[in-house]
Amino acid sequence: MHNNKNFRRLPTTLGGLLLAAALPAQAYEMADLGHATVDIDLQALLGAFHSDRGYATGAAEPGRYRWQEGVVTLGAELNPKESGLYGRVSTVGTATWGDGDAAGFTSGRERELDLEDAVVGYRSEALGGSSWSLDVSAGRQPITLGEGFLVAGDALSLGDALGEELDRGGAYYLAGRKAFDRTAVVALGRDGWRGQLAWFASDNPAQASTEMAAFTLTREHAHGLVEASYLRGLGVDEGEASPFLAERDGMDVYDLRVEQRLLDEALTLRGEFAHQRKDSRETAWALEPAWTFSELPGQPTLSLRYSRFSEGWDALFYGFTRSYGTWFQGEVAGNYAGPFNSNAEAWRLGLTGSVSESLHLGLLAYDFESLDTADQPDMGGRELNLYAEWLPSDWLYVSPLLGWYSPDRSAAEGGIQLGDDEASFYAQLLVGVFF
């Protein structure tokens, strides 16, 4: 049995964030209050997974892993028709069956029902009849900064395999719990400018119950945006924090994100640079050009991304926001084998397109290299993901994915894959149902 104190960092996970972003919102209007409506929504997320190998991030033995995960969320929302009060309350049930995940973060015995969202706020698109917009909220809610390079909810959901104190209900991949325990957010906007001040506190022991404040200033224009963020670590639970996570107390993080569309928006350039000041100085950055062939059937997009994360980079609360591969780089590497956006450089080549309005295909190829292998495992390797996203109706989402992962070294040689360093096969099927 492994203990969390032995881990420098653990990854957040993708699935629940992916499905929430990919599917259209589905809710039933239960009451019309004149100035607002009360809506009820129910969503069920199911996943079936197979991995030819286990990975020494938490798994104890080599061999095949087969497991299933489920997340069910029931929520009620108060939505103003224009300006006014809004709110949301929801509960979430999570579970893992079978062998547990390939990284050994879950055992397959996890079941939990808990409060998810509990937030109230006020929104105005024309504050006092002016051109200013205002959004103020407080309570339990997810918070995302930019594309999730630093923060995309408190989504890390371990099971009991690493100890009861870390058990958050399992469903490690689907990550059904994303709300921070306590938050307060104030956002002001006008004429393409938006400023946001946020405070958020985690109750996740795997994140050492980190508390942070963040300020973000965004300038949107006709062909893109520029966004600058500053984060300050305000504290951690000393009883839960490893020496690595303890450095979050007093940490300063500076981030700059740019997106620009060029050449009649056929070319998109995305870039992000972040710097952390803690006991050491750490940097992470990424650059991604993408070209969309709008005149071809399916409008395929070809992209190439390079990202680099220094040896002591703290990946914080990164997560999924845009598509597969952002910011979970590789379904095997990003969730089980590493690198988990730290001590690594990664190349990603992607090709995506649409067969129809309801069927989308993608192919992603990765090359990973660990920067420091003297004191840390070698998480270098290569991965290929082939996936489809099918939305046959506004309440159903189906996404099969096939993956092949080849590490540079086995665990016995200083790598992470248990058993050997041969290429391994991975498969998953995600199904989302929304009512």
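Residues numbered from 1 in each chain as written. Predicted model: local features only at pLDDT ≥ 70, side-chain atom pairs only at ≥ 80, totals over all residues. Heavy atoms only, no water.

In the nomenclature of an unreviewed UniProt entry, the chain is known as Alginate export domain-containing protein of Halomonas salifodinae.

S.K.: What's the story with the overall build of the chain in this structure? I'm lost.
M.R.: Helix and strand counts for the chain come out as three helices and 19 strands. The C-alpha radius of gyration computed for the chain amounts to 21 Å, which stays within 12% of the reference 22 Å derived for 435 residues, consistent with globular compactness. Based on the C-alpha atoms only, the size of the chain along its principal axes is roughly 65 × 55 × 45 Å. For the chain, buried positions account for 55% of its 435 residues. Here the contacts in the chain between residues at least 6 apart in sequence split such that 61% fall between residues at least 24 apart. (Helix = DSSP H or I, 4+ residues; strand = E, 2+ residues; numbered from the N terminus. Rg over C-alpha atoms; globule rule 2.2 N^0.38 Å. Buried < 20%, exposed > 50% of the residue type's maximum accessible area, 1.4 Å probe, protein only. Contact = heavy atoms within 4.5 Å.)

S.K.: Is there a simple way to explain the pattern of salt bridges in this structure?
M.R.: Two side chains of opposite charge can pair, provided their charged atoms sit close to one another. Applying the stated criterion to the full structure yields 29 salt bridges. Ionic pairing is found between Arg168 and Asp154, a salt bridge with its closest N-O pair at 3.5 Å. Highlighted residues: Arg168 in the loop between β6 (133-141) and β7 (180-190) and Asp154 in the loop between β6 and β7, separated in sequence by 14 residues. There is no split in this pair, since Arg168 and Asp154 are both buried. One salt bridge in this structure joins Arg182 and Asp181, with 3.4 Å as the shortest N-O distance. Accessibility expressed as a relative area gives 41% for Arg182, which makes it partly exposed. Residues joined in a network through salt bridges with shared partners are Glu147, Glu259, Arg261, Glu265, Arg270, Glu288, Arg305, Arg322 and Arg348. (Salt bridge = Lys/Arg side-chain N within 4 Å of Asp/Glu carboxyl O.)

S.K.: Would you explain the packing of aromatic side chains in this entry?
M.R.: Each aromatic ring pair is characterised by the separation of its centres together with the angle its planes make. Applying the stated criterion across every chain yields a total of 20 aromatic pairs. A ring pair is formed by Phe180 and Phe200, whose centres lie 4.7 Å apart and whose planes are at 45 degrees; its orientation type is tilted. Here Phe200 lies in strand β8 (residues 193-201) and Phe180 lies in strand β7, a separation of 20 residues in the sequence. The exposure class of Phe200 is buried, given its relative accessible area of 0%. Ring geometry for Phe200 and Phe317: centres 6.2 Å apart, planes at 85 degrees, overall edge-to-face. Note that Phe200 is positioned in strand β8 and Phe317 in the loop between β14 (301-309) and α3 (333-337), a separation of 117 residues in sequence. (Phe/Tyr/Trp six-rings, centres within 6.5 Å; stacked < 30°, edge-to-face > 60°.)

S.K.: I'm lost on the nonpolar core in this one. Help?
M.R.: For soluble globular proteins, the rule of thumb is that nonpolar side chains tend to be buried together. Ranked by size, the top nonpolar core spans 67 residues in total, and within it Leu150 and Tyr336 carry the most contacts. Sequence-distant contacts of Tyr336, defined by excluding residues within four places in its chain, comprise Phe49, Tyr55, Thr57, Trp67, Asp101, Ala102, Ala103, Tyr172, Tyr173, Glu331 and Tyr426. Counting five residues, the second-largest nonpolar core is a separate cluster that includes Ala208, Val236, Ala241 and Leu245. (Core = buried A, V, L, I, M, F, W, Y, C linked by side-chain atoms within 4.5 Å.)

S.K.: How should the environment of Thr301 be read in this particular structure?
M.R.: Looking at the element boundaries, Thr301 is found in strand β14. Through-space distance from the C-alpha of Thr301 to that of Ala266 is 9.1 Å; in sequence the pair is 35 residues apart. For Thr301, the contacting residues outside a window of four places in its chain are Ala290, Trp291, Thr292, Gly350, Leu351 and Thr352. At 2.9 Å, the side chain of Thr301 and the side chain of Thr292 are in polar contact. (Polar contact = N/O pair within 3.5 Å; in protein donor to acceptor, adjacent residues only side chain to side chain.)

S.K.: Is there a simple way to think about the pairing of strand β17 (residues 381-393) in this case?
M.R.: Regular strands have side chains that alternate between both faces of the sheet. Relative to β17, strand β16 (residues 359-370) runs antiparallel, the two sharing ten bridges. Within the sheet, the bridge partner assigned to Gly362 lies in β17 and is Tyr387. One ladder, built from nine bridges, connects β17 with strand β18 (residues 396-407); its direction is antiparallel. Among the inter-strand pairings, Leu386 is bridged to a residue of β18, identified as Leu402. Following β17, the chain reverses through two residues before pairing antiparallel with β18. (Pairing = 2+ DSSP bridges.)

S.K.: In this structure, what is going on with the environment of Asp41? I would like to understand it.
M.R.: Positionally, Asp41 belongs in strand β2 (residues 36-51). On a C-alpha basis, the gap between Asp41 and Tyr336 in space is 31 Å, while along the polypeptide they are 295 residues apart. At 2.8 Å, the side chain of Asp41 forms a polar contact with the side chain of Arg88.

S.K.: Is there a simple way to think about unusual backbone geometry in this case?
M.R.: Leaving glycine aside, a negative phi is the common case for residues, and trans is the common case for peptide bonds. The omega torsion of the bond from Thr326 to Trp327 falls at -5 degrees, within 30 degrees of zero and hence cis. With respect to the helices, strands and loops of the structure, Trp327 is situated in the loop between β14 and α3. The omega torsion across Gly338 and Pro339 is 10 degrees, close enough to zero to call that bond cis. Mapped onto the fold, Pro339 is located in the loop between α3 and β15 (344-354). A positive phi angle is found at Ser209, which is not glycine, with a value near 45 degrees.

S.K.: I would appreciate a short explanation of the side chain of Ser229 in the present structure.
M.R.: Within the element layout of this structure, Ser229 appears in strand β10 (residues 224-235). Given a relative accessible area of 9%, Ser229 falls into the buried group. Only 3.0 Å separates the side chain of Ser229 from the side chain of Thr216, close enough to count as a polar contact.

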